[in-house]
Amino acid sequence: MQNKKDFNKNHRMLTLLTWAFIFLVWFIITRFNLVSHLIVPSPGEVIQTFIAIVKDGYNGISLWEHLGISMLRLLIASALAIVTAVPLGLFSGYFSKVGAVVDSIVQFYRPLPPLAYYVVLILWLGIGESSKVTLLYLAAFAPIYIACVAAVANIRVEYLLSAKSLGASGKDLFFQIVFPACLPDIFTSIRTAVGVAYTTLVSAEMIAATSGLGWMVIDASRYLKSSVIFVGIIIMGITGVLIDQGLKALEKKIVFWKGYQ
Amino acid sequence: MQNKKDFNKNHRMLTLLTWAFIFLVWFIITRFNLVSHLIVPSPGEVIQTFIAIVKDGYNGISLWEHLGISMLRLLIASALAIVTAVPLGLFSGYFSKVGAVVDSIVQFYRPLPPLAYYVVLILWLGIGESSKVTLLYLAAFAPIYIACVAAVANIRVEYLLSAKSLGASGKDLFFQIVFPACLPDIFTSIRTAVGVAYTTLVSAEMIAATSGLGWMVIDASRYLKSSVIFVGIIIMGITGVLIDQGLKALEKKIVFWKGYQ
Amino acid sequence: MNNELIIEIDNLTVDYPTDNEPVRALDRVDLKICQHDFICVLGPSGCGKSTLLNVIAGFTQPSDGTFLMHGQPVAGPDRQRGVVFQSASLYPWMSVRKNVEFGPKIKGLPATEITRIASHYLEQVHLLEVADQPPFQLSGGMKQRVALARALANEPAILLLDEPFGALDALTRIHMQQLVRKIWQQDQNTIFMITHDVDEALSLGTRLLVMSKCPGTIIQEFSVDFCDRAIDEHTGRVHVDADYLALREEILDLIDV
Amino acid sequence: MNNELIIEIDNLTVDYPTDNEPVRALDRVDLKICQHDFICVLGPSGCGKSTLLNVIAGFTQPSDGTFLMHGQPVAGPDRQRGVVFQSASLYPWMSVRKNVEFGPKIKGLPATEITRIASHYLEQVHLLEVADQPPFQLSGGMKQRVALARALANEPAILLLDEPFGALDALTRIHMQQLVRKIWQQDQNTIFMITHDVDEALSLGTRLLVMSKCPGTIIQEFSVDFCDRAIDEHTGRVHVDADYLALREEILDLIDV
Amino acid sequence: QSQSEQGSLPKKVNIGYLRVPNDEMVSKTKAVYDDYFNKLGVPYEFIVFDSGVDANKALASGSIDFATMGNTNGIIALSRGIDVELIWIHEVLGEIEGLAVKNGSNITKPQDLVGQKIATPFASTAHYSLLNYLKEAGIENQVQLLDMQTAEIVAAWERGDINAAYTWQPTLGDLTKNGTILVSSADMAEKGCVTANVCLVRKEFSAQYPELVAGFVKCLSDGGDLYRSNPQEAAAAVAAELGITTDNALMQMTGSIWLTPEEQLGADYMGTTGKPGNFSKIMKDTADFLQSQKAIDKAPSQEEFDAFINSTYIEMSQK
Ligand SMILES: Nc1ncnc2c1ncn2[C@@H]1O[C@H](COP(=O)(O)OP(=O)(O)OP(=O)(O)O)[C@@H](O)[C@H]1O
Ligand SMILES: Nc1ncnc2c1ncn2[C@@H]1O[C@H](COP(=O)(O)OP(=O)(O)OP(=O)(O)O)[C@@H](O)[C@H]1O
Ligand SMILES: [Mg+2]
Ligand SMILES: [Mg+2]
């Protein structure tokens, strides 16, 4: 361990090599027709498709619109999940009676595959944006809610006791102690929740959509346009990593005391 | 807070009341035709359907077979994920070079919606069990792998140093210290992973299946048999909770020192 | 003991509910605390010292007996009784200054007054220069000084310290003792402190309570005055003399089992 | 000092790499450790005590200078140098007995021998009766006794203790000191111990090293013998006399800044 | 026209359609709908569905007013109590659907299918025709049916996972590149197993805006007329929209029977008001079959079908 910088540099190098190797293998198996190009399109094809989609869009809708609408759905659903799950979860954790009412409902629906109840949502809410957003919302709600309940239970009892001894009670105690004390866990759960919602994106855009990244992949797979599928997957992969990195950066800023409790 | 037992009893009571209330609302809105029974089947209908499915099965296959095949897929996928992700994750955490190779691949595919790459899996692996199990496997792999990498990084450095001072090295150090030290986190991640895989079950059984709980729900939704959908959702919900409870019990037994590190 | 009576505990018994039968933590404890007392409580681990402190703080309700403050029963924790725990319970999301300002702010004092109070007590614990840092950047001793300042900022009638220096190294502990002693002498506070360290109790307290094993009760009380008479002007350390050593041995014999 | 020379440190310097320029933790330290020495190291927080111990343990490599054991350079940690940390590093997934057996088992001793050794050292720390419990059910003092037994079970040439009693309460600490003193006297071990507590160092050590602030170096060494001459047969406590108090003051002045 | 009366127009019309070459697609691509709705001043939206399965869900939730689907899904809609009626038969399925078997798999007669995996999209007209075919051959319990969407059928076929699949164009065309048609829906229709794509409307909507529904039907028949008068032009327009060749489109369009309004009102198909045609019986037979397959719980009665198939709007559109 000579030097930290060298060490990190070496590792980035290795990661790069790994991806270079993956691309090489990809190139070789397609170049020499080791598999049908229906099954694995060549890198060249994928790049061409990518350029075409960037330039002309897919199905008459530009790539940015596809990306935008998907992100908008994700954003609205996540925002709704945050503003509902956080207070409800904190209340459930703080007032055990609220918890007794809400907990078992969340525990019941949480393990359900979203596709199982998507039909029900469509029957209830129709095929518009509301059912899509609700599906994503439900996917994002549970992790945040559960984390909030657990976070309240894990608050250092000294935080609460010393606040009370300093004269805090009721609202002060909740907003100035309980909420910030849970914030690190809340943030972790938001990252999880957004990830889960993102994973549900394709399901949500599977029915009666004509735009969105997920729909693009689904539509491409309907017509077996494997190069479009690959482009879609690569865009989704990169977007997913970027979203998580963004949230991580935000977390580091907002919950600067994380790990120091 | 007079007595712990009374306290718990009160809370179970509240939970029961909550569900009783839900059933009552359900009963009332269907009894008085406040919504179409297509959208919300009555409790009676659902119970009848449940009895019929228990007795005669669905689509000529008994309920236990549907349940069994789904659980088998889940089990095989989870088992495969555990036996591959745990060693790979621990190695990645322990030997940073392995990590540099594997990490970015996992980070890339992890946020991908399973449905996005399912078509690719089918193109590669065919329509048999292997693509279904692989889909579930991939869903379960990432959480375990990532948790293992993090767990190794979080091992108390004193565990490693004192083991070395006691003469341990190489294999001994890995199997007797690193592995058990990570076991609590591994177990938590297994619970997450099985949950994620379970959530993916319907997606996996959406294509080229004619059995399985997930397929049953999908098929029922094709014919708009909402009472079957409800039965499926309820069975899946209960099964999901039971699986998690089972894993929790197992965890308590195997990782008895959890929380005492 | 000609000072005003602040706290009066009579026949105090505390039982903790458990799944089986309740655990008796305190058994018929009597205690009076007056203005400017510096009480140090010693006793074996698990004898109920923290339980006694928690009752006074208002965190735990007595199962039997009475606990009066200024002649009134106490419903729960309030700003009359400031508490410092062994491990810092500072709020990491607030700066050092905000931590100290928390009590006055809750009280609803005007902003200038809040700032003045916080500065005053931060100055007293020599931490004005780190006022804007987050508490997790401080060393263990500094954290406990912030906790002390935070409790003092409310100007409580009594300070309750539960092994406040237990987690600190021996040197830092000596500095903390000097600081607390100085503050107590200057501000004429009333302090109720739990400690495991006989030397600490001897060099700080005016009254030493020794408690018995569980269920805890007070088996002996010593009135001491080393803190007043025997402090080296220069180093702030207590001059160890024969009296001191004899009392030390006596107390060690009492609690050593 | 007519005993066999075990460890020889010459001109030892340790720099820690950081993102900016390296931090010098130890600066040209010379130290010889002989058979049956009981070395206690004192010094202000962050002065490099643990760094010195880590070099001896083999956890940290010297940046400069030499470190020889039995005349040979040391590549890394091995069973010749047993370590006990401040907070118990017991493996919670093994019972107390399995923890103690860990070293002998790694060594590949026969099963009966392993059992015998573990029983012997558990007996020595008075913990045979909890041998089958998981370590997390023990109190802090018991945990440290298990850690001690575990280190002893390997019969290392030297025991390295990094503030082993720092996290214990004052009473338990006194008991632990008595135990370590007894073991040291019986088994003729060689011990290198870091402590913050001057009384602890005085009552245990044969050689007291006082280190300066960072970058650490040894500023003074005292040879003491309170542990031999002044132990009360009955209570196991050190008789505090004038010599003791004078030395205590001298050391406190040295490290108190 | 009386339609332009104030207050009798909906705020918006939502139309669920399938991406297949039919009269609706012709009207859509040749701006027939544009003209109609723009003249009315009513905004409208075409929403694409993959199958009648999803369209039914949309109808049930009230998200769409019109929907195109296979007649089997129409039966499901009726039997599940979705408040809709059938107002138009887009096309009677003929060569456009069929059972493809792979070359070299030695399947030349129904009995050769025993033990094979046969893929088809469940709940579709193809599924229904396949079940009938197997039942007639008496081998319905000796094959394994796989529930797959068309793209997955192609993938599985390419990979060699399956040797037989009942599906429709253009997928069928992909399969026949290295396969042959064992039986087509035209053959099945001759045996009385008629399947068709139909248009449903929500009754609530049609009751409120009958004129608009009639106008909508007129657009469909205009699309059919366009095709009959100039097949090449219609095929070209449709092909552009679907991203296929004109030849392919034309081949698909000729593979099914497009009905004129007169034919729709004839006794063979929908019949006239008060005098139900034969299509109602076909629907009833199909429903009975679906019930025997447990696909639906209870087949609607003949009377219900007679009421379900409503030729009023065609009659209105012809005035
Ligand atoms: N919440 C509780 N529930 C049940 N028993 C408790 C609870 N809190 C404390 N006890 C028990 O009450 C007794 C007194 O506990 P207390 O914490 O007051 O002791 P202590 O003297 O402060 O100990 P220490 O020196 O370790 O801090 C102990 O036997 C303890 O196990
Ligand atoms: N891994 C490391 N990287 C960088 N600096 C370090 C590292 N470990 C220790 N240091 C620095 O080296 C110096 C000596 O540290 P060391 O832990 O040896 O001190 P210490 O005397 O044991 O302190 P304490 O009494 O708090 O245990 C300190 O200034 C510390 O900040
Ligand atoms: Mg206590
Ligand atoms: Mg140290």
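Below is a summary of the structure that appears in this document. Keep in mind the model is a prediction, meaning the values are calculated, not measured.

So, the site of ligand 2
All names here are of chain D. Around ligand 2 sit Tyr 16, Ala 25, Ser 45, Gly 46, Cys 47, Gly 48, Lys 49, Ser 50, Thr 51, Glu 163, His 196 and Cys 214, and those are all the residues in its vicinity. Contacts to ligand 2 include Cys 47, whose backbone N or O atom sits 3.2 Å from an oxygen atom. The separation between an oxygen atom of ligand 2 and a polar side-chain atom of Ser 50 is 2.6 Å. Out of a free accessible area of 630 Å², ligand 2 has 61% covered by protein chains. Looking at which element gives the most residues to the shell around ligand 2, the answer is helix α1 (residues 49–57), with three residues. Counted by class, the shell around ligand 2 contains four nonpolar, six polar and two charged residues.

Topic: the nonpolar core
One recurring pattern in soluble globular proteins is that nonpolar side chains are buried together. Grouped together as the largest cluster of nonpolar side chains are 302 residues, with contacts concentrated most on Phe 66, Leu 86, Ile 89, Leu 99 and Leu 113 of chain E. The element contributing the most residues to this core is helix α8 (residues 170–204) of chain B, with 17 residues. Setting aside its immediate chain neighbours within four residues, Leu 113 of chain E contacts Leu 99, Val 101, Ile 107, Ile 118, Tyr 133, Leu 134, Ile 139, Val 143, Ala 164 and Leu 182 of chain E.

Structural notes on the site of ligand 1
Residues and elements named next belong to chain C. Taken together, Tyr 16, Ala 25, Ser 45, Gly 46, Cys 47, Gly 48, Lys 49, Ser 50, Thr 51, Glu 163, His 196 and Cys 214 form the complete shell of residues around ligand 1. With respect to ligand 1, the backbone of Gly 46 contributes an N or O atom lying 2.8 Å from an oxygen atom. At a separation of 3.1 Å, an oxygen atom of ligand 1 approaches a polar backbone atom of Cys 47. In isolation ligand 1 has 640 Å² of accessible area, and contact with the protein removes 62% of it.

Quick notes on the state of the cysteines
Residues and elements named next belong to chain B. All told, the structure shown has zero disulfides over all chains when counted by the stated rule. Cys 182 carries a free sulfur, and the closest cysteine sulfur to it, the one in Cys 148, is 6.7 Å from it. Cys 182 sits in the buried class, given a relative accessible area of 0%.

Let's talk about the interface of chain A and chain B
At the junction of the two partners, chain A supplies 48 residues and chain B supplies 48 residues. Roughly 4200 Å² is buried in total at the junction of chain A and chain B, and carbon and sulfur atoms are behind 79% of that figure. Inspection of the chain A/chain B interface yields two salt bridges. One salt bridge in this structure joins Arg 110 of chain A and Asp 244 of chain B, with 3.9 Å as the shortest N-O distance.

Quick notes on unusual backbone geometry
Residues and elements named next belong to chain E. Positive phi is not limited to glycine here, since Asn 106 has a value of about 60 degrees. Looking at the element boundaries, Asn 106 is found in the loop between β5 (97–102) and β6 (117–120). Looking at Asn 106, the relative accessible area reads 68%, which means it is exposed. Backbone geometry at Ala 123 places phi at a positive 70 degrees, although glycine is not the residue there. Along the chain, Ala 123 turns up in the loop between β6 and α5 (125–137).

Description of the environment of Gly 94 of chain E
Residues and elements named next belong to chain E. Inspection of the secondary structure puts Gly 94 in the loop between β4 (84–93) and β5. Here Gly 94 falls in the buried class, since its relative accessible area comes to 5%. In sequence terms Gly 94 and Met 253 are 159 residues apart; their C-alpha atoms lie 9.9 Å from each other.

What to know about the sheet that holds strand β2 (residues 23–34) of chain C
Residues and elements named next belong to chain C. Taken in spatial order, the four strands of this open sheet run β2-β1-β4-β5, and their pairing is antiparallel. Of all the strands in the sheet, the pair left with one neighbour each is β2 and β5 (72–73). Sheet topology note: the strand β1 (residues 5–16)/strand β4 (residues 64–69) ladder contains five bridges and is antiparallel. Along β4, the bridge assignment pairs Asp 10 with Thr 66. Lying on the sheet, helix α1 (residues 49–57) is in contact with β1, β2 and β4; it crosses β1 at an angle near 125 degrees.

Thoughts on the relation of the copies chain A and chain B
Both copies of the chain are tied together by a single rotation about an axis and a shift running along it. Laying chain A over chain B is done by rotating through 180 degrees and shifting 0.0 Å along the axis; what remains is an RMSD of 0.1 Å. Read as a symmetry element, the transformation amounts to a two-fold axis. Closest approach to the rotation axis among the C-alpha atoms of chain A is made by Ser 203 of chain A, whose C-alpha sits 4.2 Å away. A shared binding surface is used by both copies, with 100% of the interface residues of chain A retained as interface residues in chain B.

Rules used in this analysis
Residues numbered from 1 in each chain as written. Chains lettered and ligands numbered in written order. Predicted model: local features only at pLDDT ≥ 70, side-chain atom pairs only at ≥ 80, totals over all residues. Heavy atoms only, no water. Near = heavy atom within 4 Å. Polar contact = N/O pair within 3.5 Å; in protein donor to acceptor, adjacent residues only side chain to side chain. Areas by Shrake-Rupley, 256 points an atom, 1.4 Å probe, with all protein chains shown as cover. Helix = DSSP H or I, 4+ residues; strand = E, 2+ residues; numbered from the N terminus. Nonpolar A, V, L, I, M, F, W, Y, C, P; charged D, E, K, R; others polar. Core = buried A, V, L, I, M, F, W, Y, C linked by side-chain atoms within 4.5 Å. Buried < 20%, exposed > 50% of the residue type's maximum accessible area, 1.4 Å probe, protein only. Contact = heavy atoms within 4.5 Å. Disulfide = S-S within 2.5 Å. Buried area = accessible area lost by both parts, 1.4 Å probe. Salt bridge = Lys/Arg side-chain N within 4 Å of Asp/Glu carboxyl O. Pairing = 2+ DSSP bridges. Axes fitted to C-alpha atoms, helices over the stretch in contact; angles between N-to-C directions. Least-squares fit on C-alpha atoms with pLDDT ≥ 70 in both.

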